[in-house]
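# Remarks on the overall topology
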Amino acid sequence: MSADTALCADPNYNFAYIDEQTKRMIRRALLKAVSIPGYQVPFGSREMPLARGWGTGGIQVTAALIGPLDRLKVIDQGADDTTNAVAIRSFFSRVTGVETTQKVAEATIIQTRHRIPERPLTEDQILVYQVPQPEPLRKLEPSEVETRNMHAWEEYGLMQVRLYEDIARFGHVATTYSYPVMVNDRYVASPTPIPKFDNPKMNMMPALQLFGAGREKRIYAIPPYTKVRSLDFDDHPFTVQSWTQPCTLCGARDSYLDEVIVDDSGGRIFVCSDTDHCEGRRELGHVGPAEDSERST
Amino acid sequence: MYVAVKGGEAAIRATHDLVAQMRRGDPCVPELDTRQIREQMKLAVARVMNEGSLYDEDLAALALKQSQGDAVEAAFLMRAYRTTLPRFGSSAPLDTARMAIRRRISAAFKDLPGGQVLGPTYDYTHRLFDFALEAAGLTAAPAVTPGGAPLDESMPRVPDILGSEGLMEPERALPDDPAPCDVTREPAEFPIDRDGRLQMLARGDEGFLLGLAYSVQRGFGANHPFAGEIRMGETSVRYRPEDLGFEIDLGEITVTECQMINQFSGSKDAPPQFTRGYGFAFGHSERKAMSMAIVDRSLKCRDLGEAADYPAQKEEFVLYHCDTIEASGFVEHLKLPHYVDFQGELELIRKIRREHDERAAEPALFTPSEAAE
Amino acid sequence: MSATIDDMRARAAAPPAPILQVENVARYYGERVGCRDVAFDLWPGEVLGVVGESGSGKSTLLRCLAGLDTPSAGHIRFDDDGVLLDIHALPEPARRALMRRAWGIVHQNPRDGLRMDVSAGGNVGERLMDRGARHYGQIRARAADWLGRVEIDPARIDDPPRRFSGGMQQRLQIARVLVSEPRLVFMDEPTGGLDVSVQAKLLDLLRVLVRDLGIAAVIVTHDLAVARLLTDRLMVMKDGRVIEQGLTDQVLDDPQQAYTQLLTSAVLV
C-alpha cells in the first residue's frame, strides 16, 4: 500500500469529507472523552450525507481519525455486507480512497454498529461505535438537564432500580442489549445496542474504543485497558447469552449466533453473526453440524 | 441449504438505478427543468430552504427534483451540502423594518402606519380547482395593476408601535450583547437561551411546529395569540469583510416575519403587559413563521414564571424533536437491520416463557425471584 | 451498612449537640418576604413543628432547610457526625450526597416522593441502592420488612403505587424515606389530603416510627392536632416571621401571642 492511495479519493471533497477545522473540533472532543472515560462530551456534530441515526456519529469520529495509510473495516450486525456497512464503507472509499478490508486482523480502524468482533482486538486498532442513544439513563429520565445532573452527582440508584424491577418481574434482568456498564468506576455508560454477549469484551480491551452519537451530538470513549463492569447484583450476577447448538456453518460454540428462518414451518438454523469470524474458521477447516451431516449422507 | 446473506453490495447499487428510473417517470413526458421548479414551485422551494437551513433557490429546486418532490429528503440534501461549505463570516442583522414589502398585514389593528398590504396570498381564494392550469401553455400570468399610492419606504413593526407606549415586553439584548450561539456549530445545551431556541425553531419541521402551535391555541398552553404582524418581502443581506472595513451588499433574499402578541397578566414585580413571540422564515412561508412565533412565545414560560405543563411549553421536548432531518433519520433508521439485538430478545422471551411453563407445572411454593433470598 | 437503630439511640442519648443550627435565615422573592429572621436549634431525636396559615412562610422555610431552595440570608448548619457543615455553602454534589445519606423528605403529595411506575419494593429499595446496596435478596428483604412496618401487606411488594390508596401511598413514601435510617427528616403536611380516619392511623404510625428510630424531624403543618400528637416543640409563623415558640404543650395550652390564641381557639386541640 502506498502513501498516494489518497489520490483515488473523490477530488470534489476534502479528504474524509469534513473540513479540517471540523476535524480538529472533533479531535478535541475525542481527547476530552479519552481523558474522562465514559463521560459524554457534547460536540458540534455536523450534518453528513448519510441520515441521522444511520451512523453519522461514527462516521464523524472515523473521518476525524482516518489517514491515507489506514485500513478500514465497517460492520453492521457483525457483517460486512449489510446495507449500512456497505453504504459507509463505500462512502469512505469515495472520500478517502483508503484501502478497506473485511478481515478484523488487517484493519486499523473498525467502525461498528451493534457488535464487537469475536476476534480479540489489539493495541494497534481503534473500534468506533455508532451510537443511536448515548444516554444510558434516558429511558428512566427523559430530560437531558436531569440526566447530566445525575451523572455529575453519581446518582445511579435509579439505574439499579431498573435492574431490580426486571428481576422482581421476570426473575432475570430483562435487558439483552444496550446493557449498561460502569466505566472506570465512575460513569455509567451505554455500550450502544451491542448484545450483552459483547459487554465482557469491553473490559480491559487493548484497543481504544470511541463512541460517536451524531444526532445526539455526543462523543465518549473507553481508553485501552480500562475497567468496564456490567451492572448487576451480587446474588444475580451478570451473565451472557449462550446457545445449545453451535454455528451451523462453522461449528463455533463461543460466538454470538443469529437465527435464520429456513422454511415456512418455523424451521431455523443458527449461524455466526460475525461473518469474518465464521469465514476464517471455515477456511481453517472447521465445519458445522449441517455440513457434517450433508457430507456423511 | 441456507446461503449466507451475501451480495448486499450489488443489490444496493441496483437500488440507485431503480430510484433514478422512478424519478424520471414516463420518458414520453418532458423532463422537469430545475428552473421551472424554482419559478413555479416557489413555496416548496422556500420550505426546503428553511428546513435545509440554506438560502439557495437553485439548489433547493435541484434538491426537489432529485428527491421527487419529497420536501424532507430535499431538505436533507441541502443540509448535507451545507456542511461542506466554508464559513467566512456572519452578515449584519437584517433590518426588516426597511424591507421591500410585498405583503404586510396586522390582525390587531384595523389600520396602521404603512397600511395593510394584502399582496400575493391564497387567503382570499376559494379552494376550487382551476382546471385552466391543467392545459399547459395557456396560462399567462395576469397583468397586475399597481395599487394607487406607492408603499411607504419604511413600515414600523407593530410590536414597536406598542412598545413606544410601554405596553409591549421589550426585546432586550443580553448583558454585554454577546454574539449569538450557532446551533450548527456547537451542540445546544439546555436550558437554552432564546438565540439557540429561535435557530432551532427556524430549522424545525413546519408540520411539527404547526401541530404544536395548534395545540397551544386549543388550550394545551396558556396563551391566546394575536397576529400582531406578518410581513413578507425582499431585504438585502449585508456583510462587512474584515479586510475591507465597510459593508457590502451580498444580494437580496425573500423573507417572512411574524410577530405574535400575547396577553400577560403581569406579576408582583411587573405590571400587565403584552408579550411577543417571534417567527422568521426564508421565502414566502407564513404558516411556518406563524407557528414558530406561537411556539417561541409558548417556550418563554420559564422566563415569565409561567407553569410548563403542556408539550409546547417544554423546551427539551419541542427543540429536541422539531428537527426534520434528525427526526426522519432516526425514525427511518428502524429500517436498518436490528437482528442481532432482536436475537437477544428472542432468547430472553423464550427463556422466560420456558420458566413460566415449568413453574405452572409444579406446585407453587415460592416464586423464582424469592428463591435467591 | 450505616448506623443501626441502636447507634441512633446511643447518639440521641449522647451528650447533646444540635443536629441542625439555623441562624437568621431569610428568603426573599424580589420585594416579597418568604420568611425572615428564623433561628433555632434542632436536637437529635427532637421533633419540631412549624405551624401557621398558608402564606405564613412555613413551606418556604422548610424548602430552605431541606436544601431544595437557597436562602437569601443566614446559615443552616448540619452536624454530620461531629463535622459542622454549612449546607448552602457546600458544593452541590456534596449537598446532594449529604441529602441522600443523612436526610429524608416526606412530601405532602406522595406522587412527589414516589416513582409511580416502579414497584413498591423498588421504591423502598431505591435509597438503599443509591447508597451502594448490591444484594438483590437483602434489598428485597428490607423492603418487605419496611412494608410490614408501615402496615402494607408485603405480598404487594411488586405492585406499583398507582394501585394503592392515598393512605397507602403516603405510608409507602414514609417507608421509602425511613428505610435508609436518616438522622433528619423533613415533612411537609404529611397527612394533608387524607381522610380523617386515615390521618389518625398515619399519625399514630409516624409517632411510633419517629420515636423508635430516634429521628430528628421538622414537620410543617397547618393542623394543630398533628402538631400536638407528633411534635416536642412548636414554632408559630406569621407573615414570614416566627412569632412564638416553645414546648408544644406550652404553646398550645398557654399561647402568649394574640395570633396563636386565635389559631388555638379556632380548633379543638
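Residues numbered from 1 in each chain as written. Chains lettered and ligands numbered in written order. Predicted model: local features only at pLDDT ≥ 70, side-chain atom pairs only at ≥ 80, totals over all residues. Heavy atoms only, no water.

On to the interface of chain A and chain B. At the interface, 68 residues of chain A touch 47 residues of chain B. At the boundary of chain A with chain B, total buried surface from both sides reaches about 4800 Å², with 58% on carbon and sulfur atoms. At the surface where chain A touches chain B, the tally comes to four salt bridges. As a salt-bridge pair, A:Glu47 and B:Arg79 come within 2.6 Å of each other at their nearest N and O atoms. Inspection of the region where chain A meets chain B yields 24 residue pairs in polar contact (both at pLDDT 80 or more). If you list the elements that add at least two residues to the side of chain A that touches chain B, you get α3 (83–96), α4 (144–152), α5 (157–170), β11 (257–261), β12 (268–272) and α8 (289–296) of chain A. Across the side of chain A that touches chain B, the residue classes break down as 33 nonpolar, 17 polar and 18 charged. (Contact = heavy atoms within 4.5 Å. Buried area = accessible area lost by both parts, 1.4 Å probe. Salt bridge = Lys/Arg side-chain N within 4 Å of Asp/Glu carboxyl O. Polar contact = N/O pair within 3.5 Å; in protein donor to acceptor, adjacent residues only side chain to side chain. Helix = DSSP H or I, 4+ residues; strand = E, 2+ residues; numbered from the N terminus. Nonpolar A, V, L, I, M, F, W, Y, C, P; charged D, E, K, R; others polar.)

In this section: the side chain of A:His172. Of note, A:His172 is situated in the loop between α5 and β6 (181–183). In this structure A:His172 comes out as buried when scored by relative accessible area, which is 16%. Setting aside its immediate chain neighbours within four residues, A:His172 contacts A:Asp166, A:Ile167, B:Lys351, B:Ile352 and B:Glu355. (Buried < 20%, exposed > 50% of the residue type's maximum accessible area, 1.4 Å probe, protein only.)

Of all eleven residues in helix α5 (residues 120–130) of chain C, ten are buried, a share of seventy percent or more. Taken as a whole, α5(C) has its buried residues at C:Ala120, C:Gly121, C:Gly122, C:Asn123, C:Val124, C:Gly125, C:Glu126, C:Arg127, C:Leu128 and C:Met129. Those residues of α5(C) that are buried are in contact with α5 of chain A together with α3 (92–102), β6 (103–106), α6 (136–149) and α7 (166–178) of chain C. Positive phi shows up at C:Gly132, right after α5(C), with a value of about 100 degrees.

Further remarks concern the confidence of the model for chain A. Summing up the model confidence of chain A, the mean pLDDT is 92 and the portion of residues at 70 or higher is 95%. Segment residues 1–6 of chain A: pLDDT under 50, and 14 contacts once partners within four positions in sequence are set aside and those in other chains are kept. (pLDDT = per-residue confidence, 0-100.)

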